[in-house]
Amino acid sequence: MSSWRLLLRALSYHRGQTIAVALVTALITAGAVFAPWYTRMVDDTVTRDAFAVGEPGSTLRLTGPDDAALLEMLPADTDELFDEPVAGRHADLLWQSTNYDRPVEGGMIWRQDICEHIVLVEGACPEAPSTDDEAVPAAVSVADAEMYDVSVGDVLPEVNSAYNAVDFRVTGIYDIPDPSEPYWFDISPIGRSGFSGPNLDIPMADLFVVSQSGVVFGSERQRGVLFDEETVTRAYQDSLDLRVDADSVTSEDVPQLREIIDDLQEEADGTDAALITSMDDTFDYLDDAWQVTATTMIVTTAQVGVLALAVLAMLVSVALIQRRPEVGLSRLRGRSFGSLVRSLAGQWTAVVLAGAVLGVAGGFGAAALARSLWLSGPPPLSPPVWVVVSLGLAVLAAILLLVLMARPVVREPVPALLRSTGPRSAGPGDSRLLIDGALITAAVCGLLVGLQSSDDSALVLLAPSLLAVAASVLLVRLLAWAAGRLAVRWLTRGHPTWAITGVLIARGRGTRLLLTVLCMTAAFLVFSSQLSTVAQANRTHRAEVEAGAAAVGSTLAPPAQVAAALDAVDADREQATVVVSTAPSGPDAVGTLYVEPDAFTRTAYGALDAAPASAWRAITAPADERPELIGRRLEVTVAPHTVDADGGGGSLTLHAEYVHATGFLTSVRLGEIPVTAEGPQRLEAQIACPEACRLLGWTLDPDGAVDGEVQLTDVATTGSEGAGPVDLGGPDDWPLLPGEGTEATFEGGPGTLTFDGASGGLPFLAQHASVPGTVPVILAGDHPPAADQEEPTILSPEGKVLPFHAEAVADEAIPRVLRDYAVADLATVTRRGEHRLTGRTEIQLWYAEGADREALDAELAELGVRVRPVDTVDDYADVHESSAEALTGQVFLPAGGLALLLGVLAVIVSVAATWRARTRDLAALRMVGVARRTLLRSAIGMYLAIVVAATVTGVACGLLGFALAVKRTPLFTVPEPEIPLDLAPDPLIGALALVLILVVLAGVSVVCGRWLLGRSSLHRIREAGE
Amino acid sequence: MTTATMPATQTETGGLSLITSGLVQIYRTEGHDVAALSGVTLSVAPGEVVGLLGPSGSGKSTLLLACAGLLRPSAGKLIVNGQNLATLTQDELDTLRATRLGILLQGASRNLVPYLTCVENVAFAQSTSAGRGASDLPSPQEVLELVGLPADDRPLSGLPAGQLQLLAIAAAIAHRPGLVLADEPTSQLDHAARDRVLEALQRINAELGTTVMLVTHDPEVAARLPRTVTIRNGRIGAEGRAGEDFAIVTADGSLPLPPEALEVVPPGTLLRVRETEHGLELVRVEDEA
């Protein structure tokens, strides 16, 4: 008969073991296929996401004086990896506005197909200037048109005394629907219109949109050498922008991208061109991410793989027991060792290959499932070459295991093989002790190596399994020792069930590998569930802190208007709060977050982690007791006085600052006060306060050095209903604002304010105490004042410099801005009144969890506050959820589930391997009269005791391993030190894992125990004698 | 019931001779050694049929396993067809079993591969021999017919015990061995089946000249064997011919007495050996007075 037919018959007859071996092999090979495949897909996802973020990590910009030369620099293969390059041209310029004396700082820009990416709200897109043109056709932004009163047809002169100027003829007014559109490569022409400089006195403009030759025309005209390209140093710059095609880029493309960047850099170094890109940072990030993915997947898969191989080994031992008679018969008939081993290897190779086919399908299915469930994109499903290598290694490992286990059986003496039961796998006690010692040593050494490995190594993930191996070896000995002694004690005390259970455990049939597998299973499941939970919690926490709130919107309305509108629709701030963010003015400067402290601590994620409630109370502005002004005129009487004026000054000018109900700040000049006045002097000024304004402060501005006392009395408003005397409050309500060379006290009383001090010529500034002169803040980070400053300062939303003092230093990251920010009460600046906000300032609305954003936005819109959604916490969560750590972490729980399945298999296989011996033991006990019920309890108790001992030990190892490993486990590719990690194990998850393992394994144990007793008939004893 | 006595010799001498001399087999176990055979000297001629008798634990199966080359003798000689098994390599022993020895284990099922049919079992038994160069092997059907089984291909399930045993014999002789070693081939069989098994062995011996050595506990079977050897305490205790037992002088000149004689002359009894015209006479010295 053919060997093929014999093989099929053999496999069919031993179908139980055939199927079991094939299934376990399928599990192993599925893991071997899935791991590298999934790794590749994660790498591709991370790569795509890294390049999808935007500038500058995914773009490169070549700049230089010659657009043709830039094009020539591009390698030929950029088409496959990059989107279409966008050519551009740019020049700075100063031009003159009729609204301001100072020249406007602006520029002009041309980009390829720019007219398709701007919206002309009026006029037309500029065309190329002809040589006859005296002015360059240009489009100005909507913001500039409003700020500088520019209309279509206007001519805007360029200002530069060193060169011949060129004029710009406005052909259109443009807007940009989406400045974040990839086309702009982060150089949107708008966003600069406004003022800059410490005093907010430098007018800034958006870029003029001109034609490509228009840039040349203008810039060359600046130098008076129109179109003479040979002799002029051009003031403009050409650019070529390329963006990596994130939709199609894969991890395999990255080496080519590196090469392109390196080549371009090398080429640019030898020319006038320059390469601007941060892609090297992206490459570094990807290297780190891929390293995390590869190591984590290898380590995780290896642990489950080892478990699976252990179960396969148990399974093979059962199969070999069943095959002993056949092997013996073949040996009896003269078949050689080698031939028999080859025969068995052939049979099992067929089974392994069949399992591998299933495994490939399973691995492919798992990869496809993971791809559809949590890999966004999704990445290509093309298998990397490592799949073949990994699959080959897995198949080889399975076959080797089978052959290596079969060899000693085949080599057994024929008479031993011909017995119906195999010999007990017992070696000399010293050998076992040696093996146990070696196992413990290897596990401990492995653990130490893992803990000593580099910070970004994922080898520490092996900690729970290594601990479980060492602990299970000890547990085997401890359990046998304890069970034996307890059995004797229980027997003498009349507990037969417990005593028999103890004896059965102490006999230790097949418990060694079972305990190890169960220990590893429990340890891995607990570890993976803890790591998964803790990592997820930290990702969520970080996303929350980075987002700041459940959602954030942005508005162009001034803070006071936003706050007033919110007062109208959500007075208690249950749905949202106003936040004003002023970005730092430089790398060493500190930004400012103006918040409503009470609402902020309730709305912002992690606010109370950043600073305690007391700190938030400390920065809260005092109650607003600024005097109200209602009327059309403000009047004040200056009492008779004599002021020394050593510097020759003759008078002091009195100003009053007040804030309209709309939040707008106005300063009025009440008049001059002579240094000597023998009688009272009545001063007055017009004010526009038909509704209540708030008096903010007084300024007494001497025209020279003065020293003396001036008293203001009878402050009152007139001219409208509600006008009348103004109560100036108590003596402490008007503190002096710090100022160089001034020293004074202000003593207020009902209707009276007394200035008593000296000045070298600088004004006295008194500001109501409701508006602190030095802003109390919570400071994130250590920011001492600069060397040229006496005290640290922050910028107001308008860009004014404000002194601050830190009430507290943040313990953790400030929500959304994280670090290098000072957090102040918004009221401390809105009470000062507003002017035009600086471009660094963004007015935001932070929404609370569960807020009905659409309804709130609609209500605010009715009040003139239009809110544009910026982002939500989910956006930040999505970023972290698609990180290499999160995506690889997704396999932890399935791997834990697989480990549990292998644990169940281990129990079943263990029963199958030892049932003959166990049933003989039980049958013998039945023969001597032990009650069936007692035996049933003992049989179940035996497995339960083993399972419980292994599970509890494994859970302890898992938790200990977690504690050891979690600090060195990479949870984020780029750590955020300002957001400390919470690495404490989750007791609920630990308890759930323990219960899950116990319930599953104990259930299997009960079934196995009952089955065992059912088969322990008396003929088992006779069988043993054969 | 067939009661014919098996022939003592064959016209075709395809059988192998078996000679043991001072054969000792010691099982070494933890703590102590057990001598299963303590100097067995036995000679079996080619084509002879010999039954091994003796109580449980006397060493019959050990002797059989040793003759099959499955145990390495601790001492003494074990010569099969002129080859001392003690000096053969493992491969040579494998070859010997694959080509010249047929071994029948106690219990028919232990000799058969359960998932193969009757014909396939015989073919499977021949495969090892064929793999070692044997040629001109009979077809499985011929082998089945030789042992008295139908030549059609049937699965093992459902075969009665007697037919299973015949099939086991067919598998054991499938490669035309010169010596068949059978361990209790008739145990657990009814009389009819037992007789068919004995007939099959007789036919094999008669037609092929195969030497047969079988172990049995059954006196009826022993009585039908031309020669029996009784093993007691690892030694040859007696020999029988056609159902009648005789004491036998061993190679060292000793004379193991049958159990019933030992009751008369227990160990330690002084005997005088006298030569008479019929042979020797043993007389207790104490009786001479």
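Quick notes on the rules
- Residues numbered from 1 in each chain as written.
- Chains lettered and ligands numbered in written order.
- Predicted model: local features only at pLDDT ≥ 70, side-chain atom pairs only at ≥ 80, totals over all residues.
- Helix = DSSP H or I, 4+ residues; strand = E, 2+ residues; numbered from the N terminus.
- Buried ≥ 20, exposed ≤ 12 C-beta atoms within 10 Å, placed from the backbone.
- Contact = placed C-beta atoms within 7 Å.
- Rg over C-alpha atoms; globule rule 2.2 N^0.38 Å.
- Pairing = 2+ DSSP bridges.
- Axes fitted to C-alpha atoms, helices over the stretch in contact; angles between N-to-C directions.
- Arc of directions from axis to C-beta.
- Nonpolar A, V, L, I, M, F, W, Y, C, P; charged D, E, K, R; others polar.
- Core = buried A, V, L, I, M, F, W, Y, C linked by C-beta atoms within 7 Å.
- pLDDT = per-residue confidence, 0-100.

Enquirer: So what's going on with the overall build of chain B? Which residues, and what values?
Expert: For chain B, the count of helices and strands is nine helices and 13 strands. Expressed along its principal axes, the backbone C-alpha trace of chain B runs to roughly 75 × 45 × 40 Å. Counting across all 289 residues of chain B, residues that qualify as buried make up 45%. Once local pairs closer than 6 in sequence are excluded, the contacts in chain B between residues at least 24 apart make up 66%.

Enquirer: Help me get a handle on the overall build of chain A, residues and values and all.
Expert: Along its length, chain A carries 27 helices and 30 strands. For chain A, whose C-alpha radius of gyration is 41 Å, the value lies well above the compact-globule estimate of 31 Å for 1026 residues. When each of the 1026 residues of chain A is scored for burial, the buried share is 48%. Within chain A, residue pairs in contact and separated by at least 24 positions form 81% of the contacts whose partners lie at least 6 positions apart.

Enquirer: Quick one: what's the story with helix H2 (residues 90–99) of chain B, residue by residue and with numbers?
Expert: What H2 of chain B keeps buried is the set Asp94, Thr95, Leu96, Arg97 and Ala98 of chain B. Next to the buried residues of H2 of chain B lie helix H8 (279–332) of chain A together with strand E6 (101–104) and helix H3 (118–131) of chain B.

Enquirer: Mind laying out the sheet that holds strand E2 (residues 33–44) of chain B, listing which residues take part and the relevant values?
Expert: Sheet strands pair via backbone hydrogen bonds, and the direction of the pair is either parallel or antiparallel. Residue and element names in this part refer to chain B. What the four strands build is an open sheet, ordered E2-E1-E4-E5; its pairing is antiparallel. Pairing within the sheet leaves two strands with one partner each, and these edge strands are E2 and strand E5 (83–84). By the bridge criterion, two bridges tie strand E4 (residues 75–80) to E5 in an arrangement that is antiparallel. By the bridge assignment for E5, Val80 is matched with Gln83. Running at roughly 65° to E2, helix H1 (residues 60–67) makes contact with strand E1 (18–28), E2 and E4 of the sheet.

Enquirer: So what's going on with helix H22 (residues 873–881) of chain A? Residues and values would help.
Expert: All names here are of chain A. Considered for burial, the residues of H22 that qualify are Val873, Tyr876 and His880. Viewed end-on, H22 has its buried residues packed into an arc of 65°, placing them on one side of the element. The inward-facing, buried residues of H22 abut helix H15 (511–547), strand E30 (867–872) and helix H23 (884–889).

Enquirer: How would you summarise the interface of chain A and chain B if you had to cite specific residues and measurements?
Expert: Each partner contributes residues to the interface: chain A has 16 residues there, and chain B has 21 residues. Residue assignment for the side of chain A that touches chain B shows that the elements contributing at least two residues are helix H1 (3–13), H8 and helix H11 (414–417) of chain A. For the side of chain A that touches chain B, the per-class residue count stands at nine nonpolar, three polar and four charged.

Enquirer: Could you give me a rundown of the nonpolar core, with the residues and numbers involved?
Expert: The biggest cluster of nonpolar side chains holds 237 residues, and the ones touching the most others in it are Val311, Leu315 and Cys519 of chain A together with Ile169, Ala170 and Leu181 of chain B. In terms of residue count, the dominant contributor to this core is H8 of chain A (23 residues). With 65 residues, the next largest nonpolar core counts Ile794, Leu795, Leu826 and Ala851 of chain A among its residues.

Enquirer: Could you give me a rundown of the confidence of the model for chain A, with the residues and numbers involved?
Expert: Residue and element names in this part refer to chain A. For chain A, per-residue confidence averages 84 on the pLDDT scale, and residues scoring 70 or more make up 90% of the total. Across chain A, the secondary-structure element scoring lowest on mean pLDDT is helix H27 (residues 1019–1025), at 55, and the one scoring highest is helix H17 (residues 597–603), at 94. Per-residue pLDDT stays below 50 along residues 221–234; that stretch engages in 21 contacts with residues further than four places along the chain or on separate chains.

Enquirer: Hey, could you go over the sheet that holds strand E26 (residues 793–795) of chain A for me, with residue numbers and the actual values?
Expert: Residues and elements named next belong to chain A. Spatially, the nine strands line up as an open sheet ordered E26-E27-E25-E28-E14-E13-E29-E12-E30, and their pairing is mixed. In this open sheet, the two strands that pair with only one neighbour each are E26 and E30. Each adjacent strand pair in this sheet contributes to an overall mean axis angle of 40°, direction not counted. In this structure, strand E14 (residues 591–595) lies alongside strand E28 (residues 821–825), joined through five bridges in parallel fashion.

Enquirer: Lay out the environment of Leu898 of chain A in plain terms, naming residues and giving numbers.
Expert: All names here are of chain A. Positionally, Leu898 belongs in helix H24 (residues 892–927). Residue classification places Leu898 among the buried residues on the basis of 21 C-beta atoms within 10 Å. Sequence-wise, Leu898 and Ala471 are 427 residues apart; in three dimensions their C-alpha atoms are separated by 22 Å.

Enquirer: Lay out the pairing of strand E13 (residues 279–284) of chain B with the relevant residues and their values.
Expert: Residues and elements named next belong to chain B. Among the six residues of E13, zero are classified as buried, and the element is accordingly described as predominantly exposed. With six bridges connecting them, strand E12 (residues 271–276) and E13 associate as antiparallel partners. Looking at the pairing, Arg274 lines up with Glu281 of E13. Connecting the antiparallel pair E12 and E13 is a turn made up of two residues.

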